[in-house]
2 protein chains.
Amino acid sequence: MQHKDATPKEIDSAMQAAEKAFSIYKKIPLRKRAEFMKAIAAELEEKSAELVHQAMQESHLGKERLKGELDRTIFQLTSYAAACEEGSWLDARINKADPNSQPPKPDIRKTLVPLGPVVVFGASNFPFAYSTAGGDTACAFAAGCPVVVKAHPAHAATSELVSKAIFTAIEKTGMPPGIFAHLHGEDFDIGKALVQHELTKAVGFTGSFAGGKQLFDWGNSRKVPIPVFAEMGSVNPVFLLPKKLAAEAKEIAEMYAASITLSVGQFCTNPGIIIGIAGKDLELFKKYLQAKIENTKPATMLHPGIAKSFIEKREKALNEKSVSLIATGENETGENQGQATLAAVDGKNFLENNTLHQEVFGPYSLIVSCADKKEMLAVAKSMEGQLTSTIMAADDEIAEHEELIESIKNICGRFIMNGVPTGVEVCLSQHHGGPYPATTDSRFTAVGADGIKRFARPIAFQNWKNEFLPDELKDENPWGVGRRVGGV
Amino acid sequence: MQHKDATPKEIDSAMQAAEKAFSIYKKIPLRKRAEFMKAIAAELEEKSAELVHQAMQESHLGKERLKGELDRTIFQLTSYAAACEEGSWLDARINKADPNSQPPKPDIRKTLVPLGPVVVFGASNFPFAYSTAGGDTACAFAAGCPVVVKAHPAHAATSELVSKAIFTAIEKTGMPPGIFAHLHGEDFDIGKALVQHELTKAVGFTGSFAGGKQLFDWGNSRKVPIPVFAEMGSVNPVFLLPKKLAAEAKEIAEMYAASITLSVGQFCTNPGIIIGIAGKDLELFKKYLQAKIENTKPATMLHPGIAKSFIEKREKALNEKSVSLIATGENETGENQGQATLAAVDGKNFLENNTLHQEVFGPYSLIVSCADKKEMLAVAKSMEGQLTSTIMAADDEIAEHEELIESIKNICGRFIMNGVPTGVEVCLSQHHGGPYPATTDSRFTAVGADGIKRFARPIAFQNWKNEFLPDELKDENPWGVGRRVGGV
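Residues numbered from 1 in each chain as written. Chains lettered and ligands numbered in written order. Predicted model: local features only at pLDDT ≥ 70, side-chain atom pairs only at ≥ 80, totals over all residues. Heavy atoms only, no water.

Participant: I'd love a proper account of the packing of aromatic side chains, names of residues and values included.
Facilitator: One pass over the full model with this rule turns up 27 aromatic pairs over all chains. Between the aromatic rings of Tyr25 of chain B and Phe141 of chain B, the centroid separation amounts to 6.3 Å while the plane-to-plane angle is 80°, which identifies the pairing as edge-to-face. One end of the pair, Tyr25 of chain B, is in helix 1 (residues 8-25); the other, Phe141 of chain B, is in helix 5 (residues 135-143), and 116 residues separate them in sequence. Pair check on accessibility: Tyr25 of chain B and Phe141 of chain B agree, each one buried. Directly above the ring of Tyr288 of chain A sits Lys287 of chain A, whose terminal nitrogen or CZ lies 5.9 Å from the centroid. The positively charged end of Arg33 of chain B is found above the aromatic ring belonging to Tyr25 of chain B, 5.9 Å away from the centroid. (Phe/Tyr/Trp six-rings, centres within 6.5 Å; stacked < 30°, edge-to-face > 60°. Helix = DSSP H or I, 4+ residues; strand = E, 2+ residues; numbered from the N terminus. Buried < 20%, exposed > 50% of the residue type's maximum accessible area, 1.4 Å probe, protein only. Lys NZ or Arg CZ within 6 Å of the ring centre and 35° of its normal.)

Okay, structure coming up:
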């Protein structure tokens with residue numbers, strides 16, 4: 001099916017409608033917003049078979065993977081809906097007047113209000129969970145913002161189906177229709193027009209560094225700059241400490257072979273760099289990992305662009321000084337296949353070559369053999385911002401690697417001990433973010449209900465009579481929202 | 001006294017020392033950070049007379065005003081210290097492992113970690129409260145960040161004295177010396193070098209739009225962009241609703257005459273635009289305000305640059321089409337005097353002329369007479385982002401002006417009913433921020449302990465043994481920090 005790019009007029013109409021709907025939607029009680037979000041989830045649930053079928057054709061991801069992703073999307077909508085209604089995210093605070101204070105203290109109460117229309121750019125690798133009705137959309141709706149989605153061209157028909165579920169939910173729950181719009185755009189200029197539109201108040205993006213950085217720059221160079229939250233991937237370094245490796249080389253290798261090749265390596269949390277200290281245990285680990293990787297069947301990647309980029313970036317890395325190819329999966333046959341690839345380099349050459357620090361999106365990982373503990377520390381300090389970092393360590397190795405652990409903490413949004421970075425649990429404690437270039441603002445998360453705060457801003461009401469305050473700030477607290485009163 | 005501009009080498013040394021100190025300071029327990037902040041407050045208290053004396057010479061502000069500001073600064077330090085220690089700002093969240101879930105859920109716990117060295121640019125109009133040991137510095141120290149202050153040239157000697165108090169507190173509480181540096185810089189390039197320095201991780205600024213916007217652009221155009229929180233002032237519109245005005249024209253005029261001329265109008269919350277509906281009540285209000293303004297004595301402004309800019313901007317506004325001068329204070333005599341000025345314009349001309357929407361920093365206010373309620377709404381909708389907005393209204397006017405109230409809400413960070421915008425209470429419910437161009441990021445505040453969050457980012461720990469977790473995330477919660485466990 002051919003999807004026509006949105007015209008400038010269509011873009012403007014969508015934004016105007018979003019702005020108009022915003023004036024209604026922002027005043028709708030949290031409970032109703034939550035109902036709407038749950039209605040989207042119900043529609044997705046009902047159309048599950050059709051959605052998965054369509055996504056399989058467009059994304060080449062497996063049925064189970066897509067079914068799981070759709071379930072996750074539904075869980076995000078319902079759990080963020082519950083969080084929206086529960087209202088802690090509003091950070092409601094009340095300081096009552098104190099007329100006896102010198103000077104008298106006024107009554108001041110603070111809550112959050114939505115920013116306004118949010119433009120969402122979905123990810124190619126998550127046709128459901130980080131696309132049309134995905135995390136950014138759910139967070140924006142929970143915050144009280146209308147959403148304009150630019151469908152990812154790699155799964156435009158899936159996106160179209162998901163958008164229908166949202167439109168149906170809008171109708172069923174009586175929401176103002178303009179709170180959602182779905183536009184197509186292969187052309188670069190569509191994204192630009194959306195980010196630069198005067199009525200756009202924030203942007204959510206999941207994808208490549210090049211794409212996210214471009215949106216960030218457009219957002220900042222507007223007459224009125226807007227926050228652009230771009231999650232731009234990461235190499236997710238894994239540090240293997242010696243005792244742990246000596247004890248469990250085989251188990252770690254098996255765990256990591258699975259993590260590297262999961263969904264043809266097409267996760268932003270894919271472990272792209274594994275750092276160890278040269279020696280027989282690391283060699284053994286390599287051998288086990290090599291065997292596993294060699295047994296990996298090639299699989300079709302998301303779309304031709306991703307497959308092409310994977311091959312190019314992998315070749316570029318493999319051609320760098322001192323990089324050796326140590327294992328490849330079974331032969332690539334057919335179009336757009338992603339062949340699992342394992343490479344190795346020594347610590348010195350890794351430190352000297354920034355190309356090797358860059359993400360190769362796909363089933364690829366680079367083992368870095370450091371001369372010693374000191375070089376491993378230097379590697380940790382040399383790395384850019386990451387979504388995740390992992391340390392594989394025996395208990396008694398923690399204290400003796402304090403500086404290493406601090407350095408790793410410094411670069412990542414999520415720090416895993418003795419596990420794999422793939423698999424991003426959806427819960428309030430989750431942080432899916434990290435220092436630049438993992439994201440454009442390390443202070444916000446793309447996963448978990450705290451992600452709602454990307455799209456809302458505080459407002460303080462001073463000296464307002466109780467009856468005129470927003471419900472969550474009224475003395476009687478009709479919604480039963482958690483609040484801090486007098487700082488407590 | 002002449003203060004030498006920092007050399008590139010001095011700037012680099014300060015940043016290197018800050019980075020080095022950061023590795024120690026970030027691990028210091030909250031209680032110790034709080035002790036350090038309270039020690040700064042104690043030093044300021046002890047040197048109070050000397051500080052006020054010096055600031056009087058440099059800022060031309062009155063003794064009482066400066067004493068009050070110093071008290072506020074001390075209160076900020078001690079109250080943010082208390083908030084730092086109490087730890088709610090860490091937003092600690094715990095989701096325990098659930099091995100029986102399908103798939104099993106890992107243990108994930110989230111807290112905040114400091115961003116790293118923060119560069120603070122103080123405000124000319126607040127030599128204490130928003131300068132060297134002011135709000136930004138206190139928030140950064142509470143977050144666990146080292147601070148490098150660029151002293152404002154208008155009160156460099158005061159800044160020097162304040163910096164000595166900080167150095168003494170560092171010594172007395174055994175903090176790593178590099179956590180604070182104090183640099184001078186008249187030259188534009190010093191600020192640029194500080195914002196662009198690789199080790200700078202965030203910036204706090206209070207001042208003009210031109211200055212803040214420049215820092216914001218430098219921050220965003222770095223190889224690794226950093227958050228620049230700039231509070232850039234505002235015209236703080238005041239909307240007078242008809243019934244309230246009819247009932248209290250005289251009281252409102254008196255209240256506003258005082259607010260407009262307070263500290264020679266040199267507050268970022270100064271009410272620069274007052275909007276009413278043309279008619280006899282507004283004329284009466286003007287008459288009362290006119291009389292008060294005419295009785296205002298001129299006073300010396302902060303520094304020659306501010307006085308010059310006040311005169312220029314005021315003249316520019318007065319020369320715009322249909323603007324009439326309706327009152328001036330007593331004659332200006334002597335150097336750098338700020339003469340209170342009241343101007344008026346009709347709604348139509350205000351709407352057509354963006355120059356009139358701009359801040360005239362000083363004791364100046366413009367009365368906008370709207371033809372009717374509809375034009376008043378158009379004025380509200382035409383305005384840029386503001387730190388504050390105010391509505392003067394009788395109780396029964398609220399419901400009938402719902403759209404106006406929503407439009408005002410849309411543009412401001414603090415919304416005052418029946419009061420004045422000057423006077424910014426320091427408390428947790430305070431929001432001193434607002435949509436661009438009031439600040440560069442409407443999601444953060446410059447006043448109140450929530451301001452700490454500008455300088456920290458979340459990090460999630462996955463699958464960490466209890467003993468290796470940061471204290472605030474340990475099962476036994478040794479610091480007694482408020483946390484959300486399992487979303488509750």
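Participant: Tell me about the relation of the copies chain B and chain A, residues and numbers included.
Facilitator: Each of the two chain copies can be generated from the other by rotation about an axis followed by a shift along it. Superposing chain B onto chain A requires a rotation of 180° together with a translation of 0.0 Å along the rotation axis, leaving an RMSD of 0.0 Å. Look at the turn and shift together and you get a two-fold axis relating the two. Rotation axis and chain B: the residue whose C-alpha lies nearest the axis is Asn220 of chain B, separated from it by 3.7 Å. Of the residues that chain B buries at the interface, 99% are likewise interface residues in chain A, meaning the two copies contact each other through the same surface. (Least-squares fit on C-alpha atoms with pLDDT ≥ 70 in both. Contact = heavy atoms within 4.5 Å.)

Participant: Mind laying out the sheet that holds strand 16 (residues 412-417) of chain A, listing which residues take part and the relevant values?
Facilitator: Here 11 strands make up an open sheet; going across it, the order is 11(A)-13(A)-14(A)-9(A)-8(A)-15(A)-16(A)-17(B)-2(B)-1(B)-18(B) and the pairing mixed. Sheet topology places strand 11 (324-328) of chain A together with strand 18 (484-485) of chain B at the edges, where each strand pairs with a single neighbour. Bridge count between strand 15 (residues 386-392) of chain A and strand 16 of chain A: 5 bridges; the pairing is parallel. Residue Thr388 of chain A lies in a different strand from strand 16 of chain A, and its bridge partner there is Arg414 of chain A. Contacting strand 8 (238-240), strand 9 (273-277), strand 14 (364-370) and strand 15 of chain A, helix 9 (residues 242-261) of chain A crosses the sheet at an angle of about 140° to strand 15 of chain A. (Pairing = 2+ DSSP bridges. Axes fitted to C-alpha atoms, helices over the stretch in contact; angles between N-to-C directions.)

Participant: Residue-level account of the pattern of salt bridges, with values.
Facilitator: When the charged atoms of two side chains with opposite charge come close together, those side chains can pair. Under the defined criterion, the tally for this structure stands at 64 salt bridges over all chains. A salt bridge links Glu86 of chain A to Arg484 of chain B, with the nearest nitrogen and oxygen atoms 3.4 Å apart. Of this pair, Glu86 of chain A sits in helix 4 (residues 63-86) while Arg484 of chain B is found in strand 18, placing the two residues in two different chains. In this structure, Lys243 of chain A and Glu400 of chain A form a salt bridge, with 3.5 Å as the shortest nitrogen-oxygen distance. Of the two residues, Lys243 of chain A sits in helix 9 while Glu400 of chain A sits in the loop between strand 15 and helix 14 (402-411), which places them 157 residues apart along the sequence. Among the ionic contacts, a cluster of salt bridges with common partners joins Asp441 and Arg443 of chain A together with Asp441 and Arg443 of chain B. (Salt bridge = Lys/Arg side-chain N within 4 Å of Asp/Glu carboxyl O.)

Participant: Describe the packing of helix 13 (residues 373-382) of chain B against helix 14 (residues 402-411) of chain B, naming the residues involved and giving the relevant values.
Facilitator: Residue and element names in this part refer to chain B. Running from amino to carboxyl end, helix 13 crosses helix 14 at an angle of 15°, the nearest separation of the two axes being 8 Å. On the basis of their axis angle, the class for helix 13 and helix 14 is roughly parallel. Both helix 13 and helix 14 take part in a crossing whose hand is left-handed. Together, Met376, Leu377, Ala380 and Lys381 of helix 13 and Glu403, Leu404, Ser407, Ile408 and Ile411 of helix 14 make up the contact between the two elements. A class-by-class count of the residues in the contact of helix 13 with helix 14 yields 6 nonpolar, 1 polar and 2 charged. (Parallel < 35°, antiparallel > 145°, perpendicular 65-115°, else oblique. Left-handed = near helix turned anticlockwise from the far one by under 90°. Nonpolar A, V, L, I, M, F, W, Y, C, P; charged D, E, K, R; others polar.)

Participant: I'd like a description of the sheet that holds strand 3 (residues 118-121) of chain A, backed by residues and values.
Facilitator: All names here are of chain A. In spatial order, the strands read 5-4-3-6-7; together these 5 strands make up an open sheet with parallel pairing. Of all strands in the sheet, those bounded by a partner on one side alone are strand 5 (180-183) and strand 7 (228-231). Along the sheet, successive strands turn relative to each other by an average axial angle of 15°, direction set aside. Bridge analysis of strand 4 (residues 147-150) against strand 5 gives 4 bridges, and the strand direction is parallel. Opposite Val147, over in strand 5, you have Phe180 as the bridge partner.

Participant: I'd love a proper account of the nonpolar core, names of residues and values included.
Facilitator: One recurring pattern in soluble globular proteins is that nonpolar side chains are buried together. Of all hydrophobic cores here, the largest spans 112 residues; its most connected members are Phe36, Leu44, Phe141 and Ile391 of chain A. Residue contacts for Phe36 of chain A: discarding those within four places in its chain leaves Tyr25, Phe141, Ile166, Ala169, Ile170, Thr173, Met175 and Ile179 of chain A. Counting residues in hydrophobic clusters, the runner-up holds 111 residues, among them Tyr25, Leu44, Val120 and Ile166 of chain B. (Core = buried A, V, L, I, M, F, W, Y, C linked by side-chain atoms within 4.5 Å.)

Participant: Give a detailed account of the pairing of strand 13 (residues 341-346) of chain B, specifying residues and quantitative values.
Facilitator: Residues and elements named next belong to chain B. Burial analysis of strand 13 places 5 of its 6 residues in the buried class, which makes it a mostly covered element. With 4 bridges joining them, strand 11 (residues 324-328) and strand 13 adopt antiparallel strand pairing. By the bridge assignment, Leu325 is partnered in strand 13 with Ala343. Relative to strand 14 (residues 364-370), strand 13 runs parallel, the two sharing 6 bridges. Its bridge partner lying in strand 14, Leu342 is registered against Ser365. Handedness of the crossover is the feature at issue here: the chain leaves strand 13, passes through helix 12 (residues 347-352), returns alongside strand 14, and the resulting connection is right-handed. (Right-handed = clockwise from strand over helix to strand, strands pointing away.)

Participant: Explain the interface of chain B and chain A to me, using residue names and the numbers behind them.
Facilitator: Listed by partner, the interface residues are 67 residues for chain B and 67 residues for chain A. Both sides of the chain B and chain A interface together cover about 6100 Å² of buried area, and 52% of this is carbon and sulfur. Inspection of the region where chain B meets chain A yields 16 salt bridges. Our count for the chain B to chain A interface comes out at 57 residue pairs in polar contact (both at pLDDT 80 or more). Contributing elements (two or more residues each) for the side of chain B that touches chain A: strand 1 (93-95), strand 2 (108-114), helix 8 (209-220), helix 14, strand 16 (412-417) and strand 17 (456-462) of chain B. (Buried area = accessible area lost by both parts, 1.4 Å probe. Polar contact = N/O pair within 3.5 Å; in protein donor to acceptor, adjacent residues only side chain to side chain.)

The analysis is restricted to geometry; functional conclusions fall outside its scope.
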